[in-house]
Amino acid sequence: MVLRSVKLSGDPRTVECGETHLFVGRNYVMTMRHGSQLSHVGLRGRCESVPKLLAQGPAFVLYALLDFVVVEAEIFGGRFGRQSTEQIYNLKRDVLTVKRTISPLLDVCNRLMPFDNDIVQEDTRP
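Keep in mind the model is a prediction, meaning the values are calculated, not measured.

A. Spatial organisation of the overall build of the protein chain. When its secondary structure is counted, the protein chain shows 5 helices and 3 strands. Here the protein chain holds 126 residues, and the buried ones make up 25% of them. Split by element, the accessible area of the protein chain, about 9,300 Å² in all, is 57% carbon and sulfur.

Pasting the structure below:
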């Protein structure tokens, strides 16, 4: 599976896209990043800190990777002003780029849902 990552960076803010390639089998998960600025360094530790979930096998690691790559939030603080308004308009434009980038994930995630997939255990599916 290939996950597309998106990151806002620089000034002016630009959208940087990357890819994380995932190879998943019954007893392993292997990742390879291309152009992605996201570091997976802390992800392994977070997975290992929850042995009960890690016992679910590669399905839990896959879920953790999907969650890590897809869920990213930027918090706006301070007072609302002209700069905030400009940033909102820029983000609105960038959302279209993000949407085009992540829409292929729907197909990938839907492929993991069928019950004939033996990599994801039945009690892990929900």
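B. A look at the pattern of salt bridges. All chains considered together, the criterion is met by 2 salt bridges. One salt bridge connects Arg44 with Glu48, and the closest N-O pair in it is separated by 2.9 Å. Here Arg44 and its partner Glu48 are both found in helix 1 (residues 41-48), 4 residues apart, which amounts to about one turn of the helix. Judged by its relative accessible area of 59%, Arg44 is exposed.

C. Quick look at the environment of Val2. In this structure, Val2 sits in strand 1 (residues 2-9). Using a relative accessible area of 34% as the deciding quantity, one classes Val2 as partly exposed. Val2 sits 29 residues away from Thr31 along the chain, and the two C-alpha atoms are 9.4 Å apart. Among residues more than four places away in sequence, those in contact with Val2 are Glu19, Thr20, His21 and Leu105.

D. View of the side chain of Thr101. With respect to the secondary-structure elements, Thr101 resides in helix 4 (residues 82-102). A distance of 2.8 Å separates the side chain of Thr101 from the backbone oxygen of Thr97, its partner in a polar contact.

E. Representation of the nonpolar core. Within the largest apolar cluster, 11 residues are counted, these being Leu3, Leu22, Leu43, Cys47, Phe60, Leu62, Ala64, Leu65, Leu66, Val69 and Leu105. Top contributing element to this core by residue count: helix 3 (residues 58-70), with 6 residues.

F. Examining the pairing of strand 2 (residues 14-25) more closely. Bridging between strand 2 and strand 3 (residues 28-34) involves 7 bridges; their strand directions are antiparallel. Considered in strand 3, the bridge of Thr20 is made with Arg33. Where strand 2 hands over to strand 3, the hairpin turn is made up of 2 residues, counted between the paired strands.

G. Fine view of a nonpolar patch on the surface. Taken together, the side chains of Phe23, Tyr28, Met30 and Met32 define a hydrophobic patch exposed on the protein surface, amounting to about 400 Å² of accessible area. Ranked by the residues each element gives to the nonpolar patch, the list is headed by strand 3, at 3 residues. Turning to its location among the elements, Met32 is positioned in strand 3. Owing to a relative accessible area of 38%, Met32 belongs among the partly exposed residues under this scheme.

H. Broad picture of the confidence of the model for the protein chain. With 79% of its residues at a pLDDT of at least 70, the protein chain reaches an overall mean of 76. Mean pLDDT across the secondary structure elements of the protein chain bottoms out at strand 1, with 75, and peaks at helix 2 (residues 51-54), with 90. Across residues 72-77, confidence stays below pLDDT 50; counting only partners more than four residues off in sequence or on other chains, it has 7 contacts.

The rules behind these values
- Residues numbered from 1 in each chain as written.
- Predicted model: local features only at pLDDT ≥ 70, side-chain atom pairs only at ≥ 80, totals over all residues.
- Heavy atoms only, no water.
- Helix = DSSP H or I, 4+ residues; strand = E, 2+ residues; numbered from the N terminus.
- Buried < 20%, exposed > 50% of the residue type's maximum accessible area, 1.4 Å probe, protein only.
- Areas by Shrake-Rupley, 256 points an atom, 1.4 Å probe, with all protein chains shown as cover.
- Salt bridge = Lys/Arg side-chain N within 4 Å of Asp/Glu carboxyl O.
- Contact = heavy atoms within 4.5 Å.
- Polar contact = N/O pair within 3.5 Å; in protein donor to acceptor, adjacent residues only side chain to side chain.
- Core = buried A, V, L, I, M, F, W, Y, C linked by side-chain atoms within 4.5 Å.
- Pairing = 2+ DSSP bridges.
- Patch = residues over 30% accessible without salt bridge, like charges linked within 9 Å, V, L, I, M, F, W, Y side chains within 5 Å.
- pLDDT = per-residue confidence, 0-100.

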